[in-house]
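Here are the chains, one letter per residue:
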Amino acid sequence: MQRDFRDILSEFDKLRAGQESELSKGDGFRRASLRLQEIMAIFKGTQQQSPFLSGQDVTLLIERLNTLTMPV
């Protein structure tokens, strides 16, 4: 989960900086959004906190992705 989150965040940062990113492709954007939703579902379904990643971080990245215009 942490690696997926870190990779999506890195691609998001590239996109925001105007660099080439997998998120600029519609399919990559959709896969990243779906994976973040899956990670949130895992957080909600467990009582244990991750020492490496918080649900708040995931929620923030989901919100940031939602502010972007989805590529076609």
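This structure is a prediction, so every number in the text was calculated from the model and none was measured. (Residues numbered from 1 in each chain as written. Predicted model: local features only at pLDDT ≥ 70, side-chain atom pairs only at ≥ 80, totals over all residues. Heavy atoms only, no water.)

### Overview of the overall build of the protein chain
Stated formally: Put simply, DSSP marks the helices as runs of H or I at least four residues long and the strands as runs of E at least two long, and each gets a number from the N terminus on. We take the radius of gyration over the C-alpha atoms and set the globule estimate at 2.2 Å times the residue count to the 0.38 power. Exposure categories follow from relative accessible area, calculated using a 1.4 Å probe and restricted to protein chains: below 20% of the type maximum is buried, above 50% is exposed, and the middle band is partly exposed. Residue exposure ignores everything except the shown protein chains as possible cover, and the areas themselves are Shrake-Rupley values with a 1.4 Å probe. We score Asp and Glu as negative and Lys and Arg as positive, and we do not count His or the chain ends. In plain terms, the charge of a residue is placed at NZ if it is Lys, CZ if Arg, CG if Asp and CD if Glu.
Within the protein chain, the regular secondary structure consists of three helices and zero strands. Relative to the compact-globule value of 11 Å for 72 residues, the protein chain shows a C-alpha radius of gyration of 12 Å, a close match. With respect to the principal axes defined by its C-alpha atoms, the protein chain has extents near 35 × 20 × 20 Å. Taken over 72 residues, the protein chain has a buried fraction of 31%. Entry remark: accessible area of the protein chain is about 5100 Å², with carbon and sulfur atoms responsible for 49%. Distance between charge centres in the protein chain, computed from 10 positive and 10 negative side chains, equals 1 Å.

### A closer look at the side chain of Glu-11
The condition that has to hold: Polar contact criterion, stated in full: a pair of N or O atoms within 3.5 Å, where within protein one must be able to donate a hydrogen and the other to accept it, and residues adjacent in sequence count only if both atoms are side-chain atoms. Here a residue-residue contact requires only that any non-hydrogen atoms of the pair lie within 4.5 Å.
On the secondary structure map, Glu-11 appears in helix 1 (residues 2–16). Owing to a relative accessible area of 17%, Glu-11 belongs among the buried residues under this scheme. Among the polar contacts made by the side chain of Glu-11, one reaches the main-chain amide nitrogen of Glu-22 at a distance of 2.7 Å. If near-sequence neighbours (up to four positions away) are discounted, Glu-11 is found in contact with Ser-21, Glu-22 and Leu-23.

### What about helix 1?
Here is the rule we go by: Expected span of a helix: the number of residues minus one, times 1.5 Å. Arc definition: it is the arc formed by the directions from the helix axis to the C-beta atoms.
In a regular helix each residue adds 1.5 Å, so 15 residues correspond to 21 Å; helix 1 covers 21 Å between its end C-alpha atoms and thus fits that length. Within helix 1, the full set of buried residues consists of Phe-5, Ile-8, Glu-11 and Phe-12. Axial view of helix 1: buried residues confined to an arc of 130 degrees, hence all on one face. Tucked inside the fold, the buried residues of helix 1 contact helix 2 (26–45) and helix 3 (55–66). Gly-18 sits one or two positions beyond helix 1 and adopts a positive phi of about 85 degrees.

### Notes on the packing of helix 2 against helix 3
How we decide: Think of each axis as a best-fit line through the C-alpha atoms, taken over the contacting stretch in the case of a helix, with angles from 0 to 180 degrees between the N-to-C directions. Under this scheme an angle from 65 to 115 degrees is roughly perpendicular, one under 35 degrees roughly parallel, and one over 145 degrees roughly antiparallel; angles in between are oblique. Left-handed describes a crossing whose near helix is turned anticlockwise from the far helix by less than a right angle; the clockwise case is right-handed.
Axis separation between helix 2 and helix 3 bottoms out at 10 Å; the angle between their running directions is 150 degrees. Judged on the interaxial angle alone, helix 3 and helix 2 are roughly antiparallel. Here helix 2 runs over helix 3; the crossing is left-handed. Here helix 2 contributes Phe-29, Ser-33, Leu-36, Gln-37, Ile-39, Met-40 and Phe-43 to the contact with helix 3, which in turn contributes Gly-55, Val-58, Thr-59, Leu-61, Ile-62 and Leu-65.

Keep in mind these values describe shape, not function.
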